[in-house]
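Residue-level structure breakdown
Chain by chain, the residues run as shown.
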Amino acid sequence: MTDTAVRRPAARSVAWLRPRPTPTWWRDAVGLATWAGLVLAVALWVAHGGLAGLGSSTSEQLIGLGRLTGLVAADLLLVQVLLMARIPMVERSYGQDVLARRHRLVGFTSFTIMALHVVLTVLGYAAAARSGLLATTWDLVANYPGMLLATAGTGLLVMLVVTSLRAAQRRLRYESWHLLHLYAYLGVGLALPHQIWTGHDFTATPWARAYWWSLYAAAAGAVLVYRVALPLWRSLRHGLVVERVVREAPGVVSVHVRGRELHRLPVRAGQFFQWRFLQGPGWTQAHPFSLSAPPTSYALRLTAKDLGDGSGGLASLRPGTRVLVEGPYGRLTPEVHSGRKVTLVGAGVGITPLRSLLEDLDYGPGEAVLIQRSTAERDVLFRKELERIAARRGARVVHAVGRRVPGRDSWLPAGAAHLSDVAGLQHLVPDVAEHDVYVCGPDAWADAVVAAARGAGVPAQRIHRERFTW
């Protein structure tokens, strides 16, 4: 960022339009609603004779358990959709990194229970008809309403589960993985209707039908509103376009985006958007990039390293390119700051949200330390900007430069190999136990920082971290 950009009066954050603090009860309400849905799904099964069926023949027992697992799987599939629907109440309560991990956990759980539902149901009908498994499976698929759709949906969900395995993810580009996972909506849409059409627990009473149809409508509506309509409306309203692209370091660029009335975006320093730049063939795929400077009333800035097709194309963006955004997302913000002293620890391009926070957080002279971990001097980002911010705010900036400590998972550079991770952190920040600690960087490295902070006496609730893995 140029000196002129730093000194513009309009570049100050518009604090009076920042989003209000997230109510603490939101998180509890979201969790309670999730568990209430599961309890109600089981209650439907009980109310429609589920327990009574367990005392009957083997076939009735298998079919009854198949009904139960079908209800639970249906509920969890919808929870999985809602977790990533970008509902503001949910997003602001948990943050995208926590939601992504829970989405993954719920996804694997729902798929496992759905598979159990299929097996139990086929076994139950086969036992009742005294026929073979293949014949029973063909009869269910070919003759029962909605089963062909359910089979197609199950196939899509199998593909999604396979591509979500860590071994498969490592072989896929983010762009390919993201495109494949858009089929999750189609898979859920195809897998569930057969239960509404033929499932006893879905059709037995009007209120059961009303509940399930309302739940499906809520999930579909949340996706359409928060994943499609709201991002499109915000992008068009604020008229976002690329202003210029600045090279920060080898393979690292900053993209300056201008727009109108950006102070009306509910965004804070440290957050990120999903960005689409309407230039070239990859514009349909969104990519998560953090703001590397506090938002202003007319400009946003993101900084990214060339790590794939999306980030690699940033350097070639032309001024005037239209921009679509989803967001803002993330909880690595001043909102979680307890008001104590603060230590910001970042590695590589993970320094971007921390640079923004260093400028925006509420702290006094001598109460903030930023530690930037880089492999070489040429990789240090925002050196001059950080020096200016530190001089103006009374903060301290430390550059920990050097290759990794060999033979050890450490956040320290090799030059500090004689120190433990905890001792290294305490050497740089002797009173770190009194600080809030913000961490952003590669997963294994960030794990080491978090462990060092805990070892130095920082309570878990004052360690703030955001993961950007997918």
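Think of each chain on its own: its residues are numbered from 1, step by step along the sequence as written. Totals for whole chains, interfaces and linings use every residue, but because this is a predicted model, local features are given only for residues with pLDDT of at least 70 and side-chain atom pairs only at 80 or more, for both listing and counting. Derived side-chain values reflect all non-hydrogen atoms in the structure, with water molecules and hydrogen atoms excluded from consideration.

With that out of the way, let us pick up the sheet that holds strand β3 (residues 272–277). For two strands to count as paired, DSSP must find a minimum of two bridges between them. Runs of H or I in DSSP of at least four residues are treated as helices and runs of E of at least two as strands, each being numbered from the N terminus. In spatial order, the strands read β4-β3-β6; together these three strands make up an open sheet with antiparallel pairing. Lying at the two open borders of the sheet, with one neighbouring strand each, are β4 (287–290) and β6 (323–329). Sheet twist, expressed as the average angle between the axes of neighbouring strands with direction ignored, equals 35°. Pairing geometry for β3 and β6, over five bridges, is antiparallel. When the sheet's bridge partners are listed, Phe277 is paired in β6 with Val323. Only the contacting stretch of a helix is used when fitting its axis, a line to C-alpha atoms as for every element, and angles between N-to-C directions run 0 to 180 degrees.

Let's shift gears to the sheet that holds strand β2 (residues 252–258). Pairing is antiparallel in the open sheet, where three strands are placed in the order β1-β2-β5. If you trace the sheet from one side to the other, it starts and ends with β1 (241–249) and β5 (299–305), each paired once. Across the sheet, the mean angle separating the axes of adjacent strands is 20° when strand polarity is ignored. Relative to β5, β2 runs antiparallel, the two sharing seven bridges. Paired with Arg258 across the two strands is Ala299, which belongs to β5.

The criterion is simple. A nonpolar core is a set of buried Ala, Val, Leu, Ile, Met, Phe, Trp, Tyr and Cys residues joined through side-chain atoms within 4.5 Å. Type-normalised accessible area, obtained with a 1.4 Å probe on protein chains alone, sets the label of each residue: buried when under 20%, exposed when over 50%, and partly exposed for intermediate values. Judged by nonpolar contacts, the single largest core of 41 residues is most densely connected at Leu78, Leu157 and Trp212. For this core, the secondary structure elements donating two or more residues are α2 (25–47), α4 (58–83), α5 (88–94), α6 (96–129), α8 (147–164), α11 (183–191) and α14 (206–238). For this core, the element with the most residues is α4, which contributes eleven residues. Residues Val437, Ala446, Ala448 and Val449 belong to the second largest nonpolar core, which totals 25 residues.

Here, a salt bridge means any side-chain nitrogen of Lys or Arg that lies within 4 Å of a carboxyl oxygen of Asp or Glu. Going through the model one piece at a time under the given rule, you end up with 16 salt bridges. Glu385 is the salt-bridge partner of Arg355, the closest N and O atoms lying 2.7 Å from each other. Pair noted here: Arg355 is in helix α16 (residues 351–360) and Glu385 is in helix α17 (residues 383–393), with a separation of 30 residues, a long-range link. For the residue pair Arg355 and Glu385, the accessibility class agrees, reading buried in each case. A salt bridge links Arg408 to Asp421; the nearest nitrogen and oxygen atoms lie 3.1 Å apart. Taken together, the positions of Arg408 in the loop between β9 (396–401) and α18 (421–428) and Asp421 in helix α18 put the pair 13 residues apart, joining distant regions of the chain. Three or more residues are tied together by salt bridges with common partners; here these are Arg301, Arg355, Glu359, Glu385 and Arg392.

Moving on, we get to the packing of α16 against α17. Remark: α16 packs on α17, axes separated minimally by 9 Å, with the N-to-C direction vectors making an angle of 25°. When the axes of α16 and α17 are compared, the pair comes out roughly parallel. Considering only the axes of α16 and α17, their crossing is left-handed. Note on element contacts: α17 touches α16 through Glu385, Leu386, Ile389, Arg392 and Arg393, opposite Arg355, Leu358, Glu359 and Asp360. Of the residues contributing to the contact of α16 with α17, the split by class is three nonpolar, no polar and six charged. An angle below 35 degrees is read as roughly parallel, one above 145 as roughly antiparallel, one from 65 to 115 as roughly perpendicular, and any other as oblique. By convention the crossing between two helices is left-handed if the near helix lies anticlockwise of the far one by an angle smaller than a right angle, and right-handed if it lies clockwise. Any pair of residues with heavy atoms lying within 4.5 Å of one another is described as a contacting pair. Ten residue types, Ala, Val, Leu, Ile, Met, Phe, Trp, Tyr, Cys and Pro, are classed as nonpolar, four, Asp, Glu, Lys and Arg, as charged, and the remainder, Gly among them, as polar.

Another point: the pairing of β1. When a strand is regular, its side chains alternate between the sheet's two faces. Examined bridge by bridge, β1 and β2 share seven bridges and lie antiparallel to one another. Along β2, the bridge assignment pairs Val241 with Arg258. Hairpin connection between β1 and β2: a loop of two residues separates the two successive antiparallel strands, and Gly251 in this loop has a positive phi of roughly 80°.

When you line up the elements, Gln372 lands in strand β8 (residues 368–374). For Gln372, a relative accessible area of 0% corresponds to the buried category. Counted as a polar contact is a pair of N or O atoms within 3.5 Å, where, for protein atoms, one must be capable of donating a hydrogen and the other of accepting one, and residues adjacent in sequence contribute only when both atoms are in side chains. A polar atom in the side chain of Gln372 sits 2.9 Å from the backbone nitrogen of Leu381. Sequence-distant contacts of Gln372, defined by excluding residues within four places in its chain, comprise Gly346, Ile351, Asp379, Val380, Leu381, Leu386, Val398, His399 and Ala400.

The geometry of an aromatic ring pair is captured by the separation of the ring centres together with the interplanar angle, meaning the angle of the planes. Only Phe, Tyr and Trp rings are paired, with Trp represented by its six-membered ring, and only when their centres lie within 6.5 Å; those with planes under 30 degrees apart are stacked, over 60 edge-to-face, the remainder tilted. Within the structure shown, the criterion is met by seven aromatic pairs. When the centroid spacing of 6.3 Å and the interplanar angle of 85° are considered together, the rings of Trp25 and Trp26 count as edge-to-face. Judged by its relative accessible area of 17%, Trp26 is buried. Consider the rings of Tyr211 and Trp212, whose centres lie 5.2 Å apart with planes at 75°: the pair is edge-to-face. Taking the relative accessible area as the measure of exposure, Trp212 reaches 1% and is therefore buried. In this structure an aromatic cluster arises from ring pairing among Tyr211, Trp212, Trp213 and Tyr216. Look at NZ for Lys and CZ for Arg. If either is within 6 Å of the ring centre and within 35 degrees of the ring normal, a charge sits over the ring. The lysine or arginine in question, Arg86, covers the ring of Tyr329, its NZ or CZ lying 4.9 Å from the ring centre. The cationic tip of Arg393 hangs over the ring face of Tyr363; the distance from NZ or CZ to the ring centre is 4.0 Å.

Omega for the bond connecting Gly327 with Pro328 falls within 30 degrees of zero, at 15°, which places this linkage in the cis form. Inspection of the secondary structure assignment puts Pro328 in strand β6. Located in the positive-phi region is Arg86, a residue other than glycine, with phi close to 65°. When you line up the elements, Arg86 lands in the loop between α4 and α5. Arg86 sits in the buried class, given a relative accessible area of 9%.

Right, let's get into the environment of His435. Position of His435 among the secondary structure elements: in strand β10 (residues 435–440). For His435, a relative accessible area of 2% translates into the label buried. Other than its neighbours up to four places away in sequence, His435 contacts Lys341, Val342, Thr343, Glu367, Val429, Val458 and Arg462. For His435, the side chain forms a polar contact with the side chain of Asp431, separated by 3.1 Å.

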